[in-house]
Amino acid sequence: MSRRPLRTKAVAVLLAAAYLVSVGRLLLRPGAAVLDPNIEIIRFAHWQIEPGVREAFNAIAADYMALHPNVRVEQLDIPGRAWKQWLRTGLVGDAAPDLIELASYENPDDVLARYFTPITAWLEEPNPYNAGEPDLRHLSWRQSYTSELVPSESVHYFSLNLLEYYGAPSAMVTVRVFYNRRLVREALGADRVPRTFDEFVALCEALARHAQATQTPVAPLAGSWFNLTKLTDELFSAASQRVALTVDISRDLEMTKHEALINYVRGRWALTTPAVRAGLQTVEAFGRYMAPGWLQLNREDAMLQFLQGRAAMLVTGTWDAGGILTQADFPVGAFKMPVFRRDDSKFGRWTLGPVSEAGTFAGVPFGLTRTSRHPEQAIDFLRFLTSRKSNAKFSRISTWLPVIKDVPVPKESEAFRPVEDGYVGGINIRFLGLRAHEVILQNLYLLSGNGASADAFIARTRGIFDRIYPEELARLAHISHETLRQKDSVLAGLYHLERERGLGRAKFDRLAANQLTVEADRLQTLRTLADYPPAK
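All values reported here derive from a predicted model rather than from experimental measurement.

Asker: Looking at this model, I keep getting lost on the packing of aromatic side chains. Mind explaining?
Answerer: To describe a pair of aromatic rings, you give the distance between the ring centres and the angle between the ring planes. The full count for this structure, using the stated rule, is 26 aromatic pairs. Pairing F44 with F381 gives two aromatic rings, centres 5.4 Å apart and planes at 40°, and the pair type is tilted. Taken as a pair, F44 in strand β1 (residues 40-46) and F381 in helix α15 (residues 375-385) lie far apart in primary sequence, 337 residues in all. Each member of the pair, F44 as well as F381, is classed as buried. Ring centres 5.4 Å apart and planes at 85° place the aromatic pair F306 and F330 in the edge-to-face group. One end of the pair, F306, is in helix α13 (residues 299-307); the other, F330, is in the loop between α14 (321-327) and β10 (332-335), and 24 residues separate them in sequence. With respect to class, F306 is no different from F330; both count as buried. Each residue in the set F44, F57, Y64, Y129, F366, F381, F384, F394 and W400 is aromatic and connected to the rest through ring pairs, giving one cluster.

Asker: Looking at this model, I keep getting lost on the side chain of T229. Mind explaining?
Answerer: Among the secondary structure elements, T229 is positioned in helix α9 (residues 225-239). One polar contact links the side chain of T229 to the main-chain carbonyl oxygen of F226, over a distance of 2.7 Å.

Asker: Could you clarify how one ought to interpret the nonpolar core in this entry?
Answerer: Looking at soluble globular proteins, one finds that nonpolar side chains tend to be buried together. Residues F200, L221, F286, M313, I429, F465 and Y469 are the most contacted members of the largest nonpolar core, which totals 67 residues. Among the elements that line this core, the one with the most residues is helix α18 (residues 454-497), at eight residues. Beyond its immediate stretch of four places on either side in the chain, F465 contacts Y264, L271, I429, A436, V439, I440 and P470. With 63 residues, the next largest nonpolar core counts W122, Y165, M303 and F366 among its residues.

Asker: What is the right way to read the pattern of salt bridges from this model?
Answerer: Once the charged atoms of two side chains with opposite charge are near each other, the side chains can pair. Using the criterion set out here, one finds 26 salt bridges in the structure. Among the ionic pairs, R277 bridges to D455, the shortest N-O distance being 2.7 Å. Note that R277 is positioned in helix α12 (residues 274-287) and D455 in helix α18, a separation of 178 residues in sequence. One salt bridge in this structure joins R527 and D531, with 3.0 Å as the shortest N-O distance. You can see R527 and its partner D531 sitting in helix α19 (residues 503-531), four residues apart, about one turn around the helix. Since its relative accessible area comes to 44%, D531 is described here as partly exposed. Here the salt bridges share partners, and the residues they tie into one network are E133, D135, R388 and D406.

Asker: How do you make sense of the sheet that holds strand β8 (residues 219-221) when you look at a structure like this?
Answerer: Two orientations exist for strands paired in a sheet by backbone hydrogen bonds: parallel and antiparallel. Within the open sheet, the four strands sit side by side as β8-β9-β7-β10. Their pairing is mixed. A strand with exactly one partner marks an edge of an open sheet, and here the two such strands are β8 and β10. Between one strand axis and the next, the sheet turns through 25° on average, direction left out of account. Relative to strand β9 (residues 311-317), β8 is paired through two bridges, and the arrangement is parallel. Bridge pairing in β9 places A219 opposite A311. Contacts from helix α7 (residues 181-188) reach β7 (175-180), β9 and β10, with the element oriented near 70° to β7. Set on the sheet, α9 makes contact with β7, β8 and β9; between it and β9 the angle comes to about 75°.

Rules and cut-offs
- Residues numbered from 1 in each chain as written.
- Predicted model: local features only at pLDDT ≥ 70, side-chain atom pairs only at ≥ 80, totals over all residues.
- Heavy atoms only, no water.
- Phe/Tyr/Trp six-rings, centres within 6.5 Å; stacked < 30°, edge-to-face > 60°.
- Helix = DSSP H or I, 4+ residues; strand = E, 2+ residues; numbered from the N terminus.
- Buried < 20%, exposed > 50% of the residue type's maximum accessible area, 1.4 Å probe, protein only.
- Polar contact = N/O pair within 3.5 Å; in protein donor to acceptor, adjacent residues only side chain to side chain.
- Core = buried A, V, L, I, M, F, W, Y, C linked by side-chain atoms within 4.5 Å.
- Contact = heavy atoms within 4.5 Å.
- Salt bridge = Lys/Arg side-chain N within 4 Å of Asp/Glu carboxyl O.
- Pairing = 2+ DSSP bridges.
- Axes fitted to C-alpha atoms, helices over the stretch in contact; angles between N-to-C directions.

Following this line, the structure appears as structure tokens:
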């Protein structure tokens, strides 16, 4: 008998066995929650598959189900690489779960308006699961948060265009440098963390020399484009603080995307501006310390390098802390990336000092889908999840930072606590539109390796930014025009239906003020584009 029929039969047997196993698992799966019409099923979905997070959510869900025997809570943890396809398929096909983690880059305003239910009214009511907390029982759900969920263009839980809250956050994260304490001790002779930018560069150099002297393939920094941007974003922002203050049109100490683009088109800053060029040089400074081939790697690859001892340091968000602390077989430390001193000979001229983390916003917000079969029960679970008691449990199990007032930070997470002392950030070209971000990634190779050059990057991309920044500004003006038209009718409705004081009046006042701001920004944009037309 030939080998081909045997292989064919073997494949057929394996497929049949896999099918039978799948059928068996479905038949043996507990079916009470599905078959019993008295049991309500609440499903919530997220992409946070880092160690500790799912365990924390499961523990809180178990607590909730113990209080509500007629409710079953199911967690859907979807890998990040499949999230976008899974999300859009579920929303369009009316098969989405009750609660979904929100991110502004995955859920733009049109998606929020079409597929999600605003939760503003619920947030202004007290959270019943804080009734046992004397200092919280009389506050609204929103006010129970440390930040009280202040609206901003950088947050994921509030839409500035729609003027509605769409998500209730459950955690907070910061960016830190995780390091192999054993390797640092071997390179420096002591377990000592850098306190200035120069000391950090010196540490990278010492680690590189140590690896060369011991002939071990250990890079100073675990590498991927994702981790490099986490390293340089704050440095880039610090390098241009003084420039940002000079072009702050509103004089509110906050450089918005609108203001940055307006001033770029007007020629008040450019890639050749010394402070911005210095920001690019920070990327150039660290590209040579990254593991070889870092431009082609993802954050998972960088994590693996660090955990295997092939890199001494890893710059990442504290969302990876649980995985690092539980999987590393060496002692791990963490510190905040130090920025430049004012007397720094190369970068100090344009800096004010460390960038404050006081504005770190609450993350991992869950939004209520319009197709939820049990919206009130889903909101009830979301309130339980974000109560003080549950938030403390979530923080303790996941090692992520809490978001509710006076929840203690776990001892192992103390290094992740936001450092509030400092100054406002400056200009960061990566945050001025999706196309700008893509241009930077496509040309990041010019800031990597021994031939890294900020001037080469500027020469290659300056003309591209001269074209896409005005286009991004025009796009924002078009969106503002559509938003103004849509909100005028809402404004009229609120005026006639909600004349008395209360949530309706508060929404009217906020919407009216926002309409004026949007109109002023749009007129300023149109005038700028007319007075400073882009070069052909």
